[in-house]
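# Residue-level structural notes
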Amino acid sequence: MSTHVEPTATRAHARGRLAWPPDALAEKALEVRRDIVTMLIDAQSGHTGGPLGIADFGTVLFFHEMSLDPANPKWEGRDFWHFSCGHVTPVIYSLMAERGYFPVRDLLKFRTFEGHCQGHPSAHDTPGIEVSSGSLGQGLSVCVGVALASRLDGNPRRVYPVMSDGEQQEGSIWEAVMSAAHYKLDTICATIDYNDIQIDGKVQTVMGIAPLAEKYRAFGWHVIEVNGHDIPAVIRAYDEARTVKGKPTVVLARTIMSKNVSFMEDDYHWHGKPPKKDEGERALIELGTTYEAWKARMLS
Amino acid sequence: MSTHVEPTATRAHARGRLAWPPDALAEKALEVRRDIVTMLIDAQSGHTGGPLGIADFGTVLFFHEMSLDPANPKWEGRDFWHFSCGHVTPVIYSLMAERGYFPVRDLLKFRTFEGHCQGHPSAHDTPGIEVSSGSLGQGLSVCVGVALASRLDGNPRRVYPVMSDGEQQEGSIWEAVMSAAHYKLDTICATIDYNDIQIDGKVQTVMGIAPLAEKYRAFGWHVIEVNGHDIPAVIRAYDEARTVKGKPTVVLARTIMSKNVSFMEDDYHWHGKPPKKDEGERALIELGTTYEAWKARMLS
Amino acid sequence: MNIALAEPVAMKKTREGFGRALVELGEENPSVCVLVGDLSESTMTHFFAQKFPERFFQMGVAEQNMCGVAAGLAVMGKIPFYSTYGAFAACRDLDQIRVTLCYTNLNVKIGGAHGGISVGPDGATHQAMEEFAIMRSLPHMSLVVPCDFHEAKKATKAAAAHPGPVYIRFGREDVPVVTDESTPFTFGKGEIFGEGTDLTIVACGTMVYEALRAREALAREKISARVVNLHTLKPLDRELLVRSARETGALVTAEEHQVNGGLGGAVAEVVVREHPVPVEMVAVWDRFGQSGKPAELMDAFGLRAKDIVAAAKRALARKH
Amino acid sequence: MNIALAEPVAMKKTREGFGRALVELGEENPSVCVLVGDLSESTMTHFFAQKFPERFFQMGVAEQNMCGVAAGLAVMGKIPFYSTYGAFAACRDLDQIRVTLCYTNLNVKIGGAHGGISVGPDGATHQAMEEFAIMRSLPHMSLVVPCDFHEAKKATKAAAAHPGPVYIRFGREDVPVVTDESTPFTFGKGEIFGEGTDLTIVACGTMVYEALRAREALAREKISARVVNLHTLKPLDRELLVRSARETGALVTAEEHQVNGGLGGAVAEVVVREHPVPVEMVAVWDRFGQSGKPAELMDAFGLRAKDIVAAAKRALARKH
Ligand SMILES: Cc1ncc(C[n+]2csc(CCOP(=O)(O)OP(=O)(O)O)c2C)c(N)n1
Ligand SMILES: Cc1ncc(C[n+]2csc(CCOP(=O)(O)OP(=O)(O)O)c2C)c(N)n1
Ligand SMILES: [Mg+2]
Ligand SMILES: [Mg+2]
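As a starting point, this report considers the structure included with it. (Residues numbered from 1 in each chain as written. Chains lettered and ligands numbered in written order. Predicted model: local features only at pLDDT ≥ 70, side-chain atom pairs only at ≥ 80, totals over all residues. Heavy atoms only, no water.)

## Here we look at the coordination of the magnesium ion (ligand 4)
The protein atoms that coordinate the magnesium ion (ligand 4) are Asp165(B) (OD), Asn195(B) (OD1) and Ile197(B) (O), at distances spanning 2.1 to 2.2 Å. Donor residues for the magnesium ion (ligand 4), ordered by position in the chain, follow D-x29-N-x1-I. (Donors = N, O, S within 2.8 Å, 3.2 Å for Na, K, Ca; no water.)

In structure tokens:
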């Protein structure tokens, strides 16, 4: 499953693990950011900051790490991914579309009555979304269940929950953390978007979760701390996780909210609002394109 | 409030902190165990193991550590106590009755239609119970609220939540643990009945919570580990807790379920069932009395 | 059909029907899994645990996680049943039930033990009496309330066969066995357990037995009461309810549950929309339970045949 | 009383009424405290936070703990209001609400923001449409659903004055202002917002405006509809409902909530017990919401004046 596949647009639909090289991943992460900003300009509703911060490690997951089959989302050889922080749909949908789950143009119907890209992930509407989310703190438990089922079936499937940091305040997360260690689920490799921001401000000010690494260690997990924007480092982190036996792994991905859009970076006001048209156009220029050009690319 | 009061039956009703000496506390703990077994023989329903294990540190709380006024349960100078593990009502009610909240004879109506001693603590029924409980994992949050309110009022009140160890599996506990540290509530001194037993067996087998001390430390608490049956050591633990500033304290009281009844000790089958009449009589003999004698004492 | 009560009537636990059915399901279908929240004996899932340890998951005292783990098992094609006391099954993990289970429409079954006031000495916290209202409000959720041991077995098997989330409510105590293996049971359909023309008593769970006793008492006073065992509260058998309203002109509902939004509410909603007739409700009147012997509590909370008889007479008096 | 709608009608958020009322309460009563789960602007509790930082408690994304902490504040004599989105306020901490708040009967107020399908683009997970059924089932709990900005303020103030747990439901969007400061509001009592003789439309929340529009449309067809603003669903104004059933002979209920166990259910339960008449229900028909513009969704889910008009005609046709 880990045979390296050449990164060409078409091969993004390929079954299995793409294992793209870092430069190709960086390029794709840039495209994902452009998708995110463009879809939010059209939707005029939705979350900007988290998705832009997740773009880098998210791209590593979808285009390097995970074994997937977009054409057949329920492929039995697939790895399982689930975003417990359902509000980051712009990056989830962009990664899915770019990977080939559905046409990129569908992103332009984000949060509309007609589109399938709901405000929060809906298994009922979007091909490839296996479990709905949007209420924080529920997803890690689902992944524990998936890992237990895969073990029962003798399926080596790896399981990739993605969580946000504010979400770590939910007690249900710690129930799931405790049970994953209790059942020694070493197929679980969670990633936490550790941007230290939530809706009302800095996570440490709202309700401190530090020292998060020590918390996970005390709960019996293997912890890897990494710069979530350093693509080679993120690749190494997931490689390391695959070598861990007898305990689950959490990758604490230090990120900057709204990364790569200067006037949005590390600002909690961008947690849940979309850019106005002009703000979005400025953002896209910083991202090396224009609204018209990128929208045309998305529609093509 | 810490003036030492002579331990005489009558003085158990005294307002304030009794600060009884260890020998008097040991004697009272023995009486509490006798109450527990006797009330359970009559009720033929209820929890035996947890309550017998809590008797020692519970007696230290009610007869040494806490400032209370049984005659006026809402006394504004009172410390606040709350058993989050509501199922241990036999020890709660015995401690309350022995301390003077209500007649000891009321214990003999435990779990009956007529009595006020409900199966789980009911603020609606029992004088001195301030908050109902029985659903695990809710009580520490209540104590955080009490500590915040007391701080707002400039009241130095200390707050004493009691939790069980199986209860540590509830995520709501970790939400409360996180918030108590976030708000630096050093007036909170929690005790955990760490008997390593829950309904279905050993806590470590059912759903491991170890290393519990490290978990609490990683969540920003001061941790004191103590033998929950060593009365002088428990007294020292609570003394130490009063010196801790800027963070809450948890006393991990290592206990033996059903302590001091040889044929019940450390056996999870005694979590939730009462002794049959003959079993109870044997237990009371081990506790240095008889059913008739102790019941007469309770009725007097 | 007219159910004839054996004299003396045998007594058995509905939760045992659950536990036994799980073992049979485990034998029939390797996808069936069971999860429990540190209550394997109370929920009688220990039978399954002994037989299929590898498919039994002890989740400890963590209901939210138990629900989510069951969801994950279902995503991978398993048929998970998770169980704890109904008060916690319906309330502690409701957000997970709503979003992860119901919105995704996952094939997860919930066994809620210790439902009703008849739970007895444990008192109010452990007497689940709000689950009907809660589960009825959730899209995609089904709700079944078996009346005895045999029906509990059938309901558990039917839940496994029905795709999507299902909540099944069980009681704590031995309750009268009113059905046998051969009594018909169709998920989503009520059953007439006693024919009658003057009014219809619609009951579920333990109240079906009380309804049958009430029918006997009413018969002695020349009042002909139909008894409907409405074991499935959701999806609701509207057709049978409307037909009973039309044919008998008055209804009495009987449930071991709060009066707001439960069986009585479900019946009232159908009746006013399709065929308004007088309805009297026998239920817990918007109050918490308390400790006591199950029988004492059933009496004190007005959940007996005599209370159904009195309600029947009030309903008849209002019939025009 | 007959409410006259201003043309054009002003638009304002009910949750802003909540936020403004909290500030006034904070000024009047030093015991009033506010807690929020990382949503201070969405719940508009930030006004209070700015004015009374020492009495404002940020609890982060931890609803269960927020409920328990509020309980502790109440035990010590404070009057805590805690707030988050209704979907989470009613579901994530329901076990705490049932046992710690309701069973103890503590003086805690819950502000559930973002209720109803009109929440819009966020989609199903964030559109709370089950809270009425859930809160109605809990002993000691009260439930208020204000229809506009002014009523939201009054409801918040009334909740502070009423001892015991109270849940108040707010919406996300600007909604028509149908009342003013002087419009009467009594906790636990419905208000007749439009007199009528042929039938009665019982509505709450945003649907009160739609009901008033429906009344105008029906009037044009010579149908005289009474409109009752039933802002308090619990305790229920049985007297007014029964009187309306008796005087007008047919009812239509209108709510931005699931059809099972909500306003329609509450009305149906009273009507069948006291004065059976035809009732038609305008509600969300046991399905999850979705993304879309609030107006699109109100249309698509059949929650408009025209839907009430159609229901009214169905109810009249069944009236004898
Ligand atoms: C159970 C629950 N409570 C509250 C919310 C509302 N909400 C959405 S995102 C969020 C927190 C945002 O912080 P974080 O999880 O760190 O995401 P980020 O802002 O970094 O994208 C909250 C409170 C929710 N979705 N679910
Ligand atoms: C939320 C909740 N889930 C389940 C239960 C049922 N229950 C009562 S006690 C208990 C666990 C017992 O273990 P522990 O807390 O350690 O108490 P101990 O046996 O040591 O007295 C459980 C699962 C409950 N009371 N509340
Ligand atoms: Mg964050
Ligand atoms: Mg224990």
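Text resumes after the structure shown.
## Section: the pattern of salt bridges
Scanning the model with the defined rule gives 88 salt bridges over all chains in all. Ionic pairing is found between Glu221(C) and Lys313(C), a salt bridge with its closest N-O pair at 2.8 Å. Linking Glu221(C) in the loop between α8 (207–220) and β11 (225–229) with Lys313(C) in helix α12 (residues 305–318), this pair joins segments that are 92 residues apart in sequence. Overall, Glu221(C) belongs to the partly exposed group, its relative accessible area being 42%. Arg304(D) serves as the salt-bridge partner of Glu210(D), at 3.1 Å between the closest nitrogen and oxygen. Of this pair, Glu210(D) sits in helix α8 (residues 207–220) while Arg304(D) is found in the loop between α11 (294–300) and α12 (305–318), placing the two residues 94 residues apart along the sequence. Sharing partners across several salt bridges, the network here consists of Arg17(A), Glu65(A), Asp239(A) and Arg242(A). (Salt bridge = Lys/Arg side-chain N within 4 Å of Asp/Glu carboxyl O. Helix = DSSP H or I, 4+ residues; strand = E, 2+ residues; numbered from the N terminus. Buried < 20%, exposed > 50% of the residue type's maximum accessible area, 1.4 Å probe, protein only.)

## A look at the coordination of the magnesium ion (ligand 3)
Residues and elements named next belong to chain A. Here the magnesium ion (ligand 3) is held by Asp165 (OD), Asn195 (OD1) and Ile197 (O), and the distances to it run 2.0 to 2.2 Å. As a motif over one chain, the donors of the magnesium ion (ligand 3) read D-x29-N-x1-I. Within this pair, whereas Asp165 is found in the loop between β4 (159–164) and α5 (171–182), its partner Asn195 is found in the loop between β5 (189–194) and β6 (197–198), the two being separated by 30 residues in sequence.

## Some thoughts on the site of ligand 1
Not every one of the 22 residues close to ligand 1 is listed here, only the nearest: Ser164(A), Asp165(A), Asn195(A), His271(A) and Glu63(D). The environment around ligand 1 is built from residues contributed by chains A and D. Between ligand 1 and the protein, one listed contact pairs an oxygen atom with a side-chain N or O atom of Asp165(A) at 2.6 Å. Surface burial for ligand 1 is 99%, taken as the share of its 580 Å² of free accessible area covered by protein chains. (Near = heavy atom within 4 Å. Polar contact = N/O pair within 3.5 Å; in protein donor to acceptor, adjacent residues only side chain to side chain. Areas by Shrake-Rupley, 256 points an atom, 1.4 Å probe, with all protein chains shown as cover.)

## Re the sheet that holds strand β9 (residues 249–254) of chain A
Residues and elements named next belong to chain A. Overall, parallel pairing links the five strands, which are arranged β3-β4-β5-β9-β8 in an open sheet. Sheet topology places β3 (80–83) and β8 (222–227) at the edges, where each strand pairs with a single neighbour. On average, adjacent strands in this sheet sit at an angle of 20° to one another, irrespective of strand direction. For β8 and β9, the ladder comprises six bridges, and the chain directions are parallel. If you follow Val226 over to β9, its bridge partner there is Ala253. (Pairing = 2+ DSSP bridges. Axes fitted to C-alpha atoms, helices over the stretch in contact; angles between N-to-C directions.)

## Remarks on the site of ligand 2
The immediate surroundings of ligand 2 are formed by 22 residues, with Ser164(B), Asp165(B), Asn195(B), His271(B) and Glu63(C) found nearest. Bordering ligand 2 are residues originating from chains B and C. A distance of 2.8 Å is found between an oxygen atom of ligand 2 and a side-chain nitrogen or oxygen belonging to His87(B). Burial of ligand 2 by the protein amounts to 99% of the accessible area it has alone, namely 590 Å².

By themselves, these are just geometric observations and shouldn't be taken as functional.
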